[in-house]
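The lines below spell out each chain.
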Amino acid sequence: MLNINQMGWDPRTLGEIDHQKVLAPYIRLSSYTTGENGDVVYVYDLRLTQPNVTYLKPDVLHSLEHFFLAGFRKHLKEKFINVSPMGCQTGFYLILINKGNADEIFLTFETILQEILKMDEVSYADIQSCGQYLYHDLIAAKDIVKKFLHKKSSWRVVF
């Protein structure tokens, strides 16, 4: 079994958690699975808004999904498996292989967020790459990013 505490994660936040007790925004290790050959797949909860209180509008969620996809592909290359929006519209699931150190995850995500603020258009928002390429909100997505960055000191605090 992995020592997630040594990796920088709070063991109390692993697995199912009470969404009434969390304090978004935060980043947490949600779960992990070790494969037969020793590879570890990590699932992260990138929670941007408070569950059952606020949510991201679909066009903003869509834009952030594109930005995060481009950013994680760029910065984590072979470690990146997927990033996808939560159905409740409060954040994203990030799935990585063999990349579990909290400090590295936080630094990479911060780098991606800083890059988003410099963007003039949404990544992959073209007819060849997106099934609804006109359904984006660059300005509102950047506003969410600014708010998330402003709360950086609380990213590790889930409860």
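Here, the structure is the one placed above.
Now for a quick tour of the structure. Computed from a predicted structure; not experimentally measured.

Quick notes on the rules
Residues numbered from 1 in each chain as written. Predicted model: local features only at pLDDT ≥ 70, side-chain atom pairs only at ≥ 80, totals over all residues. Heavy atoms only, no water. Salt bridge = Lys/Arg side-chain N within 4 Å of Asp/Glu carboxyl O. Helix = DSSP H or I, 4+ residues; strand = E, 2+ residues; numbered from the N terminus. Polar contact = N/O pair within 3.5 Å; in protein donor to acceptor, adjacent residues only side chain to side chain. Contact = heavy atoms within 4.5 Å. 1 Å grid on protein atoms, 1.4 Å probe; cavity = no way out; pocket = protein on both sides within 12 Å on 5 of 7 lines; lining within 4 Å. Points joined across faces, edges and corners; volume = space filled by probe spheres on them. Nonpolar A, V, L, I, M, F, W, Y, C, P; charged D, E, K, R; others polar. Buried < 20%, exposed > 50% of the residue type's maximum accessible area, 1.4 Å probe, protein only.

### Digging into the pattern of salt bridges
Considering all chains together, one arrives at eight salt bridges under this definition. Asp-103 is the salt-bridge partner of Arg-156, the closest N and O atoms lying 2.4 Å from each other. Pair noted here: Arg-156 is in the segment after α3 (138-150) and Asp-103 is in helix α2 (residues 102-117), with a separation of 53 residues, a long-range link. Look at the salt bridges and you will find they share partners, linking Arg-28, Asp-45 and Arg-47 into a network.

### Some words on the side chain of Arg-47
Mapped onto the elements of the fold, Arg-47 is located in strand β2 (residues 40-47). Engagement of the side chain of Arg-47 in a polar contact is seen with the side chain of His-19, the distance being 3.3 Å. One polar contact links Arg-47 to Thr-90, side chain to side chain, over a distance of 2.7 Å. The contacts of Arg-47, once residues within four sequence positions are left out, are His-19, Ala-24, Pro-25, Tyr-26, Met-86, Cys-88, Thr-90, Gly-91 and Phe-148.

### Side note on the layout of surface pockets
Approximately 150 Å³ is the volume found for the largest pocket. Residue composition of the lining of the largest pocket, grouped by class: five nonpolar, one polar and two charged.

### Some remarks on unusual backbone geometry
Of the consecutive residues Ala-24 and Pro-25, the connecting peptide bond is found in the cis state with omega at 5 degrees. By secondary structure assignment, the location of Pro-25 is in the segment before β1 (26-34). The phi angle at Lys-77 is positive, at roughly 30 degrees, despite the residue not being glycine. If you trace the backbone, Lys-77 turns up in the loop between α1 (58-76) and β3 (80-85). Phi at Gln-89 is positive, roughly 65 degrees, even though this residue is not glycine.

### Structural notes on the side chain of Ser-63
Residue position: Ser-63 is located in helix α1. Since its relative accessible area comes to 0%, Ser-63 is described here as buried. The residues contacting Ser-63, other than those within four sequence positions of it, are Val-122, His-136, Asp-137, Leu-138 and Ala-141.

Remember, this is a structural readout, not a statement about activity or role.
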